[in-house]
Amino acid sequence: MSDRLFIFDTTLRDGEQVPGCQLNSIEKIQVARALEELGVDVIEAGFPVSSPGDFNSVVEISKAVTWPTICALTRAVEKDIDVAAEALKFAKRGRIHTGIGTSDYHIRHKFNSNQDEILERAIAATKYAKRYVEDIEFYCEDAGRTDNAYLARVVEAVIKAGATVVNIPDTTGYCLPDEYGAKIKYLMEHVDGIHNAIISTHCHNDLGMATANTVQGVLNGARQVEVTINGIGERAGNTSLEEVAMIFRSHKEREIETNINTTKIYGISRTVSSLMNMPVQPNKAIVGRNAFAHSSGIHQDGVLKNRESYEIIDPKDVGIDDSAIVLTARSGRAALKHRLSVLGVELSQEKLDKVYQEFLKLADRKKDINDDDVLMLAGKDRTAMHRIKLDYLQVTSGVGLQSVASVCLDIAGEKFQAAAAGNGPVDAAIKAVKSIIHRTMTIQEFLIQAINKGSDDMGKVHMQVEYDGNNYYGFAANTDIIAASVEAFIDAINKFVK
């Protein structure tokens, strides 16, 4: 009989902690509903005490989804737990996720405390949370660097105090796979009452071993994995949901099953990438653009003769349709609507009509439209409410010529024009915009990325702008990379100019 592995998705909590990836409540609900369709068991919806926005997100996600457990993160602090319980009041199944650091690094330097005092705080927090909900998850932060004997003491104590799940995070991504697996095995063998709770993994990817550590944790007894879509998360990211799901689907001999509908993986991967402005690297396992691409002649020949010669996963199993409808300027609304649906995006007829008009304009400039293009178009209406918009841009540039740009901005319905010279067309255009805005701001990061390899392709621009000591993130996509750069700059400005 197969063992059930529970999937705990923290895209909306740990994943959203990436700078520039913050979502509004409507976008979070869109992702949460997609996660429900995907089949995740637990959705960590936020850290309610951290901000009114996080509190509201937990409330609204609790209302929006039906069967997954909704989890709210807290510290081992009574006020945190009170606020989390309030945020979860509409959840059909609510879980409070509380905990404290257990490594010497945290005990001595973060808390200026000792092991006995931390143990008491862990027990107290678990018991206090139990007053609100039955389902309590306790995390031992930095468990990866915690002494196993002390970790076992904490795990045993919180299970006796009422914890139903105990999370063993490799918070810094430090562990080697055999070390992490041995840690889980040690707990399974040395904790009295260990079978009264589910042991959970939560691995970070600082050394590129998050998925390997997670798999070793499962093979040694963990039955919940904490993951994110596309492996997004703080620093180098978290364990990828899609990797764990497909590892155990591919290795059926391990007899470990999840509830994941794997055919939904590609769609939600693209949705999260688009909403969070986080490009998926082309060679990313399972969902990268090149995951099922074969350029070697030998590989191509082998795949044509028998797909399994070089593919251990059928692309259709993760929602990639080999016979996908190709979108061109001659495609109708129905074809566009179908492609959006495959990618997990549902639009009202009014929005679909607007996106279709933009689609036709883009299709006239490009030979064909790919999935990233479609998602960019679907998300373009997010700028509709911007106070500052680019009305027009004209650039003169060339070898032996000084670049000059003329711009016109629409600011709350009023037109403002300016021209500037610069060290290249983008620099000239940015200077022209600055001369209209009259704010002291500095571009800290400027990333240009082509979606594919064609010269007519859509280019994405990510920009980090510093203003008044704070960082603001802008994003835009356009077949004109200069226009995309200016639009990304204006997108960032709209975050602080009201």
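A quick note: this is a predicted structure, and the numbers were derived from the prediction, not measured. (Residues numbered from 1 in each chain as written. Predicted model: local features only at pLDDT ≥ 70, side-chain atom pairs only at ≥ 80, totals over all residues. Heavy atoms only, no water.)

Take the overall build of the protein next. Along its length, the protein carries 16 helices and 16 strands. Over its C-alpha trace the protein gives a radius of gyration of 25 Å, about what one expects of a compact globule, namely 23 Å for 498 residues. Projected onto its principal axes, the C-alpha positions of the protein cover 75 × 60 × 45 Å. Within the span of the protein, comprising 498 residues, buried residues form 52% of the whole. Nonlocal contacts in the protein, meaning residues at least 24 apart in sequence, comprise 65% of its contacts between residues at least 6 apart. The distance from the centre of the 56 positive side-chain charges to the centre of the 68 negative ones in the protein is 4 Å. (Helix = DSSP H or I, 4+ residues; strand = E, 2+ residues; numbered from the N terminus. Rg over C-alpha atoms; globule rule 2.2 N^0.38 Å. Buried < 20%, exposed > 50% of the residue type's maximum accessible area, 1.4 Å probe, protein only. Contact = heavy atoms within 4.5 Å. Lys, Arg positive; Asp, Glu negative; His and termini not counted. Charge placed at Lys NZ, Arg CZ, Asp CG, Glu CD.)

If you walk across this open sheet you meet the 3 strands as β11-β12-β13, and the pairing is antiparallel. Edge positions in the sheet fall to β11 (388-398) and β13 (414-422), since each of these pairs with one other strand and no more. Between one strand axis and the next, the sheet turns through 15° on average, direction left out of account. Sheet topology places β11 next to strand β12 (residues 401-411); 9 bridges connect them, and they run antiparallel. In the strand pairing of β12, leucine 393 is matched with valine 407. (Pairing = 2+ DSSP bridges. Axes fitted to C-alpha atoms, helices over the stretch in contact; angles between N-to-C directions.)

A few words on the domain arrangement of the protein. How large an interface is tends to be reported as the accessible area lost when its parts come together. According to the domain assignment, the protein contains domain 1 (1-274), domain 2 (295-376) and domain 3 (386-492). Taking only C-alpha atoms into account, the centre of domain 1 sits 40 Å from that of domain 3. (Domains from an automatic or database assignment.)

What follows concerns helix α16 (residues 481-493). Given 3.6 residues per turn, any residue in an α-helix points the same way as the ones three and four places further on. In this model, α16 (13 residues) spans 18 Å end to end at C-alpha, consistent with the 18 Å of a helix rising 1.5 Å per residue. Burial runs high along α16: 11 of the 13 residues are buried. Looking at α16, one finds that the buried residues are Ile482, Ala483, Ala484, Ser485, Val486, Ala488, Phe489, Ile490, Asp491, Ala492 and Ile493. The backbone nitrogen of isoleucine 482 has a side-chain oxygen 2.9 Å away, supplied by the residue at the start of α16, namely aspartate 480. (Expected span 1.5 Å × (residues − 1). Polar contact = N/O pair within 3.5 Å; in protein donor to acceptor, adjacent residues only side chain to side chain.)

With that settled, the discussion passes to helix α6 (residues 148-161). Taking 1.5 Å as the rise per residue, α6 with 14 residues should run 20 Å; its terminal C-alpha atoms sit 20 Å apart, in good agreement. Among all positions in α6, only Tyr150, Leu151, Ala152, Val154, Val155, Ala157, Val158, Ile159 and Ala161 are buried. Buried residues along α6 sit against α4 (104-110), α5 (115-130), β6 (135-141), β7 (165-170), α7 (177-190) and β8 (198-203). The backbone nitrogen of alanine 149 has a side-chain oxygen 3.2 Å away, supplied by the residue at the start of α6, namely aspartate 147. One or two positions beyond α6, positive phi appears at glycine 162, with a value near 125°.

Right, let's talk about the pattern of salt bridges for a bit. Tallied over the entire structure, the rule returns 28 salt bridges. Among the ionic pairs, glutamate 137 bridges to arginine 95, the shortest N-O distance being 2.8 Å. Placement of glutamate 137 in strand β6 and of arginine 95 in strand β5 (residues 94-101) is noted, with a sequence separation of 42 residues between them. Just as glutamate 137 is buried, arginine 95 falls in that class too. Taken together, the salt bridges that share partners define one network made up of Arg13, Asp14 and Glu44. (Salt bridge = Lys/Arg side-chain N within 4 Å of Asp/Glu carboxyl O.)

Attention shifts here to the UniProt feature "binding site: Mn(2+)" (unreviewed entry) in the protein. Feature annotation in UniProt places "binding site: Mn(2+)" (unreviewed entry) on Asp14, His202, His204 and Asn238, given in this structure's numbering. For this annotated set, covering 225 residues, all C-alpha atoms fall within 10.4 Å of each other, a compact arrangement in space. The topology assignment puts aspartate 14 in the loop between β2 (6-9) and α1 (25-38). For aspartate 14, a relative accessible area of 2% gives the class buried. Within the fold, histidine 204 resides in the loop between β8 and α8 (210-219). Separated by 3.5 Å, the side chains of histidine 204 and aspartate 14 make a polar contact. (UniProt positions renumbered as here; feature names shortened; annotations may be inferred.)

Taken as a whole, this structure holds 5 aromatic pairs when the rule is applied. With centroids separated by 4.9 Å and ring planes inclined at 50°, the aromatic side chains of tyrosine 472 and phenylalanine 496 adopt a geometry described as tilted. Separated by 24 residues along the polypeptide, tyrosine 472 in strand β16 (residues 470-478) and phenylalanine 496 in the segment after α16 bring together distant segments of the chain. Each residue in the set Tyr467, Tyr472 and Phe496 is aromatic and connected to the rest through ring pairs, giving one cluster. Between lysine 63 and the ring centre of phenylalanine 90, over which it is positioned, the NZ or CZ distance is 4.6 Å. Residue placement shows arginine 145 over the ring face of tyrosine 105; its charged tip is 3.9 Å from the ring centre. (Phe/Tyr/Trp six-rings, centres within 6.5 Å; stacked < 30°, edge-to-face > 60°. Lys NZ or Arg CZ within 6 Å of the ring centre and 35° of its normal.)

Turning next to the side chain of asparagine 238. Along the chain, the position of asparagine 238 falls in the loop between β9 (224-227) and α9 (241-250). Within the structure, the side chain of asparagine 238 is placed 3.1 Å from the side chain of aspartate 14, a separation counted as a polar contact.

Let's shift gears to the pairing of β2. Both β2 and β9 contribute to a ladder of 4 bridges, which runs parallel. Looking across to β9, one finds that isoleucine 7 is bridged to valine 225. By the bridge criterion, 2 bridges tie β2 to strand β3 (residues 42-46) in an arrangement that is parallel. Residue pairing in the sheet places aspartate 9 in a bridge with isoleucine 43 of β3. In the classification by handedness, the crossover that spans β2, the intervening α1 and the parallel β3 is right-handed. (Right-handed = clockwise from strand over helix to strand, strands pointing away.)

Direction vectors running N to C along α8 and α9 enclose 50°, while the axes themselves pass 10 Å from each other. Relative to α9, the element α8 is oriented oblique. Helix-helix and strand crossings are classified by hand; for α8 and α9 the assignment is right-handed. Contacts from Thr211, Thr214, Val215, Val218 and Leu219 in α8 reach Glu243, Val244, Ile247 and Phe248 in α9. Here the residues of the contact of α8 with α9 sort into 6 nonpolar, 2 polar and 1 charged. (Parallel < 35°, antiparallel > 145°, perpendicular 65-115°, else oblique. Left-handed = near helix turned anticlockwise from the far one by under 90°. Nonpolar A, V, L, I, M, F, W, Y, C, P; charged D, E, K, R; others polar.)

So, on to the sheet that holds β9. Pairing within the closed barrel is parallel, and its 8 strands lie in the order β2-β3-β4-β5-β6-β7-β8-β9. Neighbouring strand axes in the sheet, compared pairwise and without regard to direction, differ in orientation by 25° on average. Across 4 bridges, the pairing between β3 and strand β4 (residues 69-73) is parallel. In the strand pairing of β4, glutamate 44 is matched with cysteine 71.

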